[in-house]
Amino acid sequence: MIREPLIFEISEPGKRAYTLPALDVPGPADALAGLPVRAEIPGFPQVSEVEVVRHFTRLSQQNYCVDLGIYPLGSCTMKYNPKINEKVAALLGFAASHPLAPADTVQGDLEVLRLVEDYMCEIAGMDACTLQPAAGAQGELTGMMLIRACLEERGDPRKYVLVPDSAHGTNPSSAHLCGYTVKEIKSNEGGTVDLEDLARQMTDEVAALMVTNPNTLGVFEYDICKIAEIVHAKGGFLYMDGANMNALTGKCRPGDMGVDVLHINLHKTFSTPHGGGGPGAGPVAVKRALEPFLPVPRVAGTSGALILDYVRPKSIGRVKSFYGNFGVILKALAYIWSLGPDGLRETAEIAVLNANYIRRSLDKDYYLKYTTATLHECVFSDKFQKEHGVSNLDIAKRLIDYGVHPPTMSFPLIVHGALMIEPTETESKRDLDQFIEIMITIAREAETDPELLRTAPHATVVRRLDETGAARNPILKWEHRKT
Amino acid sequence: MSYISLGDKDKKEMLERIGASSLEELYGCLPDEVLLKRRLALPEAMPEAELLRRFEDLAARNTYPAHLSFLGAGVYRHFVPAVVDYLSARGEFVTPYTPYQPEISQGTLQIIFEYQTLVCQLTGMDISNASLYDGAMAAAEAVLMASRLNAKPKVLVARSLHPEYKATIRTYIRNLGVRIEEIGFGADGRLDPADLARKIDKDTSAVLVQSPNVFGVVEDLKAVGDLAHGHQALFAVAIAEAASLGLLAAPGVFGADMVFGEGQSFGLAPSFGGPYLGFMACKKEHLRQLPGRIAGQTKDVDGRRGFVLTLSTREQHIRREKATSNICTNQAWCALRATMFLETLGHDGLREMALQNVHKARYAAGVLGRIAGVKRRLSGPVFNEFVLELPKDVAAVNARLKAQGVIGGLELRPFYPELGNSALFCVTEAHTREDIDRLAGLMEEALR
């Protein structure tokens, strides 16, 4: 395949891909008086429309994507993104709405926010919800701020937040941004929270435990109700990272397990597309005690006469402008309406079926450090392949040669050389079987021809890239050279 | 509707291989006490046609898009070339994730690299990240970045910074020992240099100013930057109307250490507040404290050019609680649209667009300002927004306009009571002369 040049390298003065209508008001030169006007933007592209279209079409062909095949990134829930959802979000009535428009002219938008808040509460078993956070990490930050604000009101914000060693990196990072010192909780031999370690560390100086359930191994915290008791007994809050809600929708509800606050990733569980790395949306649902502290504004009033309420004296404030990634929220609503209660439950069940099918089909060829039952994902490691000098990275790169996307790598940190596989519910048995067959073939290749894996991928537009060199000697933009 | 691809025979075979008798059995690892014993109370499943009808009904309850509107204040209506909608809808752009595997993500990575280059060209900075959530969150990240760079406790923020950006900063810093103080504005709407000189001291981490500011007024960035640097404070510039960068001098020219803001104007629909695009750029000496993903150029084992995500030792998945930010998923697809928008408009198109904004806003300020009783407030030079003081209550005037299908200027009293009965009007290239004259005619009637 020909490498597509950078747009700047094919730019030529005078070329245009877009023409504006002629100015229909007077345009006197003195209109610019007092403004610091630039003469030009050195290096800024000038190409034709055809060149723009070819540029991006060719670049698109250098991307793997869900529309092309299985994308089993563990903890990312790369499920199929329904096309009707895109059509819905693009309807002019929604897309052209200005966020500062008078409330009576955007009743449809406000109704959407109200509905999705209500549905999130029902699905999660919680009392109130904000849709403002733009992604999971911002949801975590919001959730932890709510906890802190509530504890402050009770007189002491406390010092520590407990996070299991299997947690996603955003958990400790968000807790830190909230002013807390993070303490790690050990996992037991089954891969779940060690209750003794928790009981020891859970003191009245601890604000919260952040738990992911099912956790990053795909294991459900069997003792979740006991965990909640231990945390609550010391006056702390139980935060749940809802990244793995896809295993639970319609089967059980975090609110019923003693969870006080959780965030939900609409771009995971509720099918909104990942867009090459966002936008996402990270609604936060809470129990009643935390409701007064939710970000402003809140949707208030009744259907047909909805308003945005800014008068919320205990609110933590806002975490971004306006009301969240509204276009993403619309797509999640379309998904919920499409599937209904039975469809959402089936989604969880089949996600778990697909993951267990992969786990059972590969457990002889790949090492499973934790043999506890798992739900929507499973975490293998490269232990067997390491004996032949082959790492999880080599396995991942070889998968690319066979035309499938590799699993999440080297995470969670408690499994050395991890390969974390989450197939999601939308894969067909044929695609699952093909993935399994490729994984087994690669396990054999690791034994017979390890060099083939160490030099993979072979069939891509570029081969292994020098990431160390990229960090040591950063080239972060194209440099314009004056001729 | 269902998006499941398994037939009954598939499910049976799969359960057999697993050694389970039913789907329920797979949930045997949950304690019975947590299992939901009822169906979720949600509407029943809807087929596509029914779904579309319900959404069309909801969309029709938004009467706003049928109005002629002069709202701006951080969200702008600009032309979007057809190629942007067409190309950005490709599944290869919509349905991948963060490019963790660079060999099969060169499309996304090269586009981020081009995006970073465009942001640097527009802002006059050395380095750009791959995107943040929006302008407000970028403002908060800029404050945090400044405090990491120099560990000073106070940030001076222009009162004319977008109120939602200020509110977001306040939320982000509430538990971090950083405080903000506001710097007022003068009669021309620009930052009051005397107030800045009074408040800046050795504890000042950064001075943060928006240009064009929330009133549309273009700031004297050189004066502000010199004052900031004179006190060893960082100089951070917010851009809420990114289209202005097509015409106005890059903030980097005036010595900005960080330039950040909102990229919604670059091909993103207003969409009731999101998703938008936070951008952030800085001088290269600040690189290690820049939050968010960054793409870099490198070579593959055969010496071919390629792109990767780089400098990840700043990020949460490596550094956990010591990361520069907790951000993970960002706004990649929005950055992709901005890249398509900018490359399609190109050098001359972007400049022409920005220029038309200035001329149309000037024309509108002229015809509206001639209406009896209407006074122009804040006399400084503007880009595409301006403030008018009305002789009658803004809300009442706006209600009259709305009855005629027009959404007038944004009432400023809730945010800036000191401006009295004033409104902020926005005019872009998407407004015709006829639109502006129509507003003027209706305003005249409403004020009579």
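Residues numbered from 1 in each chain as written. Chains lettered and ligands numbered in written order. Predicted model: local features only at pLDDT ≥ 70, side-chain atom pairs only at ≥ 80, totals over all residues.

### Regarding the overall build of chain B
Argument step 1. When helices and strands are tallied, chain B shows 14 helices and 15 strands.
Argument step 2. Counting only C-alpha atoms and orienting by the principal axes, one finds that chain B spans roughly 80 × 55 × 50 Å.
Argument step 3. With 448 residues in all, chain B has 61% of them scored as buried.
Argument step 4. Long-range pairs, those at least 24 residues apart, make up 73% of the contacts in chain B between residues at least 6 apart in sequence. (Helix = DSSP H or I, 4+ residues; strand = E, 2+ residues; numbered from the N terminus. Buried ≥ 20, exposed ≤ 12 C-beta atoms within 10 Å, placed from the backbone. Contact = placed C-beta atoms within 7 Å.)

### Notes on the domain arrangement of chain B
Residues and elements named next belong to chain B.
Argument step 1. What the domain assignment lists for chain B is domain 1 (66–79 + 346–447) and domain 2 (82–340).
Argument step 2. Those elements that provide at least two residues to the side of domain 1 that touches domain 2 are helix 12 (332–369) and strand 12 (385–389).
Argument step 3. The greatest single-element share of the side of domain 1 that touches domain 2, amounting to 7 residues, is contributed by helix 12.
Argument step 4. Residues that form the side of domain 1 that touches domain 2 fall into these classes: 16 nonpolar, 6 polar and 3 charged. (Domains from an automatic or database assignment. Nonpolar A, V, L, I, M, F, W, Y, C, P; charged D, E, K, R; others polar.)

### Topic: the interface of chain B and chain A
By a widespread convention, an interface's size corresponds to the accessible area lost as its parts come together.
Argument step 1. Taken together, the contacts link 158 residues of chain B with 168 residues of chain A.
Argument step 2. Classifying every residue of the side of chain B that touches chain A by side-chain character gives 81 nonpolar, 44 polar and 33 charged.

### Let's talk about the pairing of strand 4 (residues 206–212) of chain A
All names here are of chain A.
Argument step 1. For strand 4, the buried fraction is high: 7 of the 7 residues fall into the buried class.
Argument step 2. As paired strands, strand 2 (residues 160–164) and strand 4 are joined by 3 bridges and run parallel to one another. Each bridged residue has a counterpart across the sheet, and for Tyr160 the counterpart in strand 4 is Val206.
Argument step 3. For the segment spanning strand 4, helix 8 (residues 224–233) and strand 5 (residues 237–242), crossover handedness is right-handed. (Pairing = 2+ DSSP bridges. Right-handed = clockwise from strand over helix to strand, strands pointing away.)

### Digging into the domain arrangement of chain A
All names here are of chain A.
Argument step 1. Domain boundaries in chain A define domain 1 (84–338) and domain 2 (341–461).
Argument step 2. Of note, the centres of domain 1 and domain 2, computed from C-alpha atoms alone, are 30 Å apart.
Argument step 3. Taken residue by residue, the interface counts 18 residues in domain 1 and 19 residues in domain 2.
Argument step 4. Of the residues in the side of domain 1 that touches domain 2, the class split is 6 nonpolar, 10 polar and 2 charged.

### Some points on the sheet that holds strand 12 of chain B
All names here are of chain B.
Argument step 1. One open sheet accounts for 4 strands, arranged 11-12-15-14; its pairing is antiparallel. Across the chains shown, the open sheet's two edge strands, defined by having one partner strand only, are strand 11 (375–377) and strand 14 (410–411).
Argument step 2. Inspection of the sheet shows strand 12 paired to strand 15 (residues 422–426) by 5 bridges, in the antiparallel sense. Paired with Glu385 across the two strands is Cys426, which belongs to strand 15.

### Let's talk about the sheet that holds strand 5 (residues 204–210) of chain B
Pairing between the strands of a sheet is mediated by backbone hydrogen bonds and can be parallel or antiparallel.
All names here are of chain B.
Argument step 1. An order of 2-8-7-6-5-3-4 is seen for the 7 strands of this open sheet, with the pairing classed as mixed. Every other strand in the sheet has two partners, leaving strand 2 (127–128) and strand 4 (179–183) as the edge strands with one partner each.
Argument step 2. Running at roughly 160° to strand 7 (residues 258–262), helix 7 (residues 135–150) makes contact with strand 3 (154–158), strand 5, strand 6 (234–239), strand 7 and strand 8 (278–282) of the sheet.
Argument step 3. This element, helix 8 (residues 163–173), spans strand 3, strand 4 and strand 6 of the sheet and lies at about 160° to strand 4. (Axes fitted to C-alpha atoms, helices over the stretch in contact; angles between N-to-C directions.)

### Observations concerning the pairing of strand 3 (residues 181–185) of chain A
Residue and element names in this part refer to chain A.
Argument step 1. When strand 2 meets strand 3, the two strands line up parallel, connected through 5 bridges. Pairing of Val161 across the sheet is with Val182, part of strand 3.
Argument step 2. For the crossover from strand 2 across helix 6 (residues 170–177) to strand 3, the handedness is right-handed.

### What about helix 9 (residues 326–362) of chain A?
An α-helical segment advances 3.6 residues per turn. Residues three or four places apart therefore align on the same side.
Residue and element names in this part refer to chain A.
Argument step 1. Its 37 residues place the ends of helix 9 only 41 Å apart at the C-alpha level, less than the 54 Å of an ideal helix rising 1.5 Å per residue.
Argument step 2. Most pronounced at Gly340, the bend in helix 9 amounts to some 100°, and the proline Pro341 follows within four residues.
Argument step 3. Summarising burial for helix 9: 33 of the 37 residues are buried, a large majority. (Expected span 1.5 Å × (residues − 1). Bend = angle between axes of the 7 residues up to and from the residue.)

### Side note on the packing of helix 11 (residues 392–401) of chain A against helix 12 (residues 429–448) of chain A
All names here are of chain A.
Argument step 1. The contact between helix 11 and helix 12 brings their axes to 10 Å, and the two run at 125°. Here helix 12 runs oblique to helix 11, going by the angle between their axes. Here helix 11 and helix 12 pass one another in a crossing that is right-handed. Where helix 11 abuts helix 12, its residues Ile395, Arg398 and Leu399 lie against Ile438, Ile442 and Glu445. (Parallel < 35°, antiparallel > 145°, perpendicular 65-115°, else oblique. Left-handed = near helix turned anticlockwise from the far one by under 90°.)

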